Amino acid sequence: MRGEHEDLLRRLNRIKAGGGEERIARQHERGKYTARERLELLFDEGTFVEMGAFVQHRSSQFDMAGREVPADGVVTGHGEVNGKTVYAFSQDFTTMGGSLGEMHAQKICRIMDQALQNGSPFVGINDSGGARIQEGVDALNGYGEIFRRNTMASGVIPQLSVIAGPCAGGASYSPALTDMILMVEDTARMFITGPAVINSVTGEDIDANQLGGAHAHAAKSGVAHLTYPDEDSLFAELRWLLGLLPSNSSELPAVTEAVPPEVNAPQLAAIVPQSPRKGYDMQRVINGVVDEQSFLPIQPSFASNAIIGLGRIAGRVVGILANQPRFLAGCLDIDSSDKIARHVRFCDAFNIPVVTFVDTPGYLPGVDQEHGGIIRHGAKVLYAYSEAQVPKISVVVRKAYGGAYLAMCSRSLGADVALAWPTAEIAVMGPEGACNIVFRREINSAEDPEQKRQEKISDYRERFANPYIAASRGYIDAVIQPQQTRCRVAEALKALSGKRRSRMPDDKPHGNFPV
Ligand code: HXC
């Protein structure tokens with residue numbers, strides 16, 4: 001028995017050694033943890049249970065026959081994060097560059113299946129050279145199997161992707177199919193075709209970091225949801241995030257000990273400037289409503305004219321969506337529409353009520369926007385809010401004009417509670433545009449046309465765009481003092497906590513979401 005026992009330990013030690021000391025040292029030199037060290041950071045101490053450690057490839061192409069690839073380049077299993085079961089894979093870059101072959105993919109698929117069957121979140125830690133060249137179509141099939149499972153699990157269990165090294169080619173489509181992508185600055189790279197291929201095809205010259213690093217995906221492409229200076233801070237926040245989310249779509253997010261909702265925020269009354277043309281920071285409004293230090297902005301550097309994030313209000317988890325008047329006056333454009341629509345759908349899938357703060361003059365005008373498909377992209381916001389069945393609360397802070405008023409969780413799209421501040425302006429279009437159309441003749445024939453225009457604009461704002469008109473029709477439930485906002489939203493969240501979903505009709509497999 002002792003010999004067999006020692007044999008087992010020897011085998012396990014060989015597997016745990018991954019690609020060996022030299023490659024592990026190189027991994028560390030680059031500021032990267034190993035696959036196993038990352039799992040230690042993710043899970044509560046001592047809770048990780050590895051599955052499939054002995055799995056081996058069965059490829060004989062190239063020089064693969066008989067070649068030992070520890071754990072086939074990926075560590076898979078489950079463990080606990082703050083006591084909650086979570087499934088994860090972690091690719092081992094020290095072992096054949098973490099490349100994905102047939103059995104590597106099979107290991108990932110097995111834990112994805114188990115995560116889905118058990119209703120537990122799934123975390124993928126990516127650090128890989130992509131499809132294992134030696135395994136050809138078997139490697140490609142492996143990716144296909146993973147993509148299909150990502151899709152089947154979408155909206156049922158939270159799927160979170162960590163990018164902690166290269167994630168090249170079609171490999172980046174698995175993270176793209178998950179709910180959120182968390183990238184490490186300096187070491188993470190995502191692209192479909194790398195710098196060399198781009199250079200040979202288009203002649204463009206760019207390095208890997210500029211092309212697919214965390215900054216590029218956080219600020220330009222919108223692929224990354226969150227970025228971190230190092231892996232320690234990433235895994236610490238990932239653990240916090242997993243604590244916020246329910247394990248699956250049948251569960252509700254945990255309510256923590258409530259911070260009393262009666263805590264009002266007097267500073268809210270002083271945020272909206274006197275001049276309707278002046279910008280301000282909507283983040284200050286959000287900070288005055290959510291529980292202190294509870295707000296996590298998502299995609300903060302992408303489409304900054306919209307703010308999205310997760311937080312708590314009086315202990316209840318909420319998804320926050322808002323226009324940001326500091327950028328593009330808070331207009332809705334192509335990118336901010338995508339950003340908002342996807343977050344609404346994420347929250348709806350995981351029973352997270354949405355709270356929307358509105359200050360938008362409308363959809364952004366421009367040929368680029370029209371030809372870029374603002375109709376198609378803007379429609380996503382309408383669709384997402386209309387479809388969402390979680391509690392929906394909106395607060396019109398200032399401007400809410402035209403289609404953008406409707407889009408930002410209006411009563412017409414199903415807001416359960418629609419509130420407005422006294423500074424709210426709700427109308428078919430902004431005063432300037434409306435007056436130029438309706439009073440054009442009167443303005444042009446006036447002795448001083450500019451003075452007349454200003455008079456008409458201010459009259460329009462006062463008489464036609466005030467929130468009491470919308471409230472008198474029932475489109476706004478209450479006009480409230482800004483400092484009451486936190487209290488009113490908290491009360492609404494409590495009252496709506498029992499909101500039930502209506503079932504999809506049997507003959508509707510799914511809607512045709514505009515993409
Ligand atoms: C097999 C691979 C590999 C791969 C890396 N390795 N990528 N082995 N298949 N795809 C191995 C290397 O041979 C090397 O082995 C070890 O991993 C580390 O690689 P290095 O090149 O030494 O590391 P580094 O200089 O850090 O460069 C990392 C890298 C580079 C940028 C990822 O290796 C690279 O460009 N790899 C190819 C990336 C790629 O184009 N993949 C295919 C994408 S297409 P040794 O034994 O020397 O340590 C794809 C299709 C998916 O993935 C389609 C899905 C739809």
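The structure this text deals with has already been given above.
Residues numbered from 1 in each chain as written. Predicted model: local features only at pLDDT ≥ 70, side-chain atom pairs only at ≥ 80, totals over all residues. Heavy atoms only, no water.

Novice: I'd like a rundown of the environment of Thr187, residues and numbers included.
Specialist: With respect to the helices, strands and loops of the structure, Thr187 is situated in the loop between β6 (180–184) and β7 (189–191). Residues Thr187 and Gly31 lie 156 residues apart in sequence; the distance between their C-alpha atoms is 7.7 Å. (Helix = DSSP H or I, 4+ residues; strand = E, 2+ residues; numbered from the N terminus.)

Novice: Quick rundown of the site of the ligand? Include the residues and the values.
Specialist: Within the structure, the ligand sits among 18 residues, and Arg23, Arg30, Gly97, Gly129 and Ala131 are positioned closest to it. The backbone of Ala131 places a nitrogen or oxygen atom 2.9 Å from a nitrogen atom of the ligand. Ile133 is positioned with one of its backbone polar atoms (N or O) 3.1 Å from a nitrogen atom of the ligand. Contact with the protein chains covers 56% of the free accessible surface of the ligand, which is 1000 Å². Elements that contribute at least two residues to the shell around the ligand include exactly α5 (136–153) and β5 (159–168). Tallying contributions element by element places α5 first for the shell around the ligand, with three residues. Grouping the amino acids of the shell around the ligand by side-chain chemistry returns nine nonpolar, six polar and three charged. (Near = heavy atom within 4 Å. Polar contact = N/O pair within 3.5 Å; in protein donor to acceptor, adjacent residues only side chain to side chain. Areas by Shrake-Rupley, 256 points an atom, 1.4 Å probe, with all protein chains shown as cover. Nonpolar A, V, L, I, M, F, W, Y, C, P; charged D, E, K, R; others polar.)

Novice: With reference to specific residues and values, describe the layout of surface pockets.
Specialist: To locate leftover empty space, one rolls a probe as large as a water molecule over the atoms. Here the second largest pocket defines a volume of roughly 390 Å³. Taken together, 20 residues line the second largest pocket, and the ones lying closest to its centre are Leu252, Pro253, Asn351, Pro391 and Ser497. A class-by-class count of the residues in the lining of the second largest pocket yields nine nonpolar, six polar and five charged. (1 Å grid on protein atoms, 1.4 Å probe; cavity = no way out; pocket = protein on both sides within 12 Å on 5 of 7 lines; lining within 4 Å. Points joined across faces, edges and corners; volume = space filled by probe spheres on them.)

Novice: If you had to explain the nonpolar core to someone new, which residues and values would you point to?
Specialist: The biggest cluster of nonpolar side chains holds 64 residues, and the ones touching the most others in it are Leu42, Val123, Met180, Leu238, Leu310, Ile340 and Tyr385. Beyond its immediate chain neighbours, meaning those up to four positions away, Val123 contacts Leu42, Val86, Tyr87, Ala88, Phe89, Leu160, Val162, Leu238 and Leu242. Ranked by size, the runner-up nonpolar core spans 32 residues in total, among them Ile286, Ile320, Val417 and Trp421. (Core = buried A, V, L, I, M, F, W, Y, C linked by side-chain atoms within 4.5 Å. Buried < 20%, exposed > 50% of the residue type's maximum accessible area, 1.4 Å probe, protein only. Contact = heavy atoms within 4.5 Å.)

Spatial relationships are all this shows, so hold off on functional conclusions.
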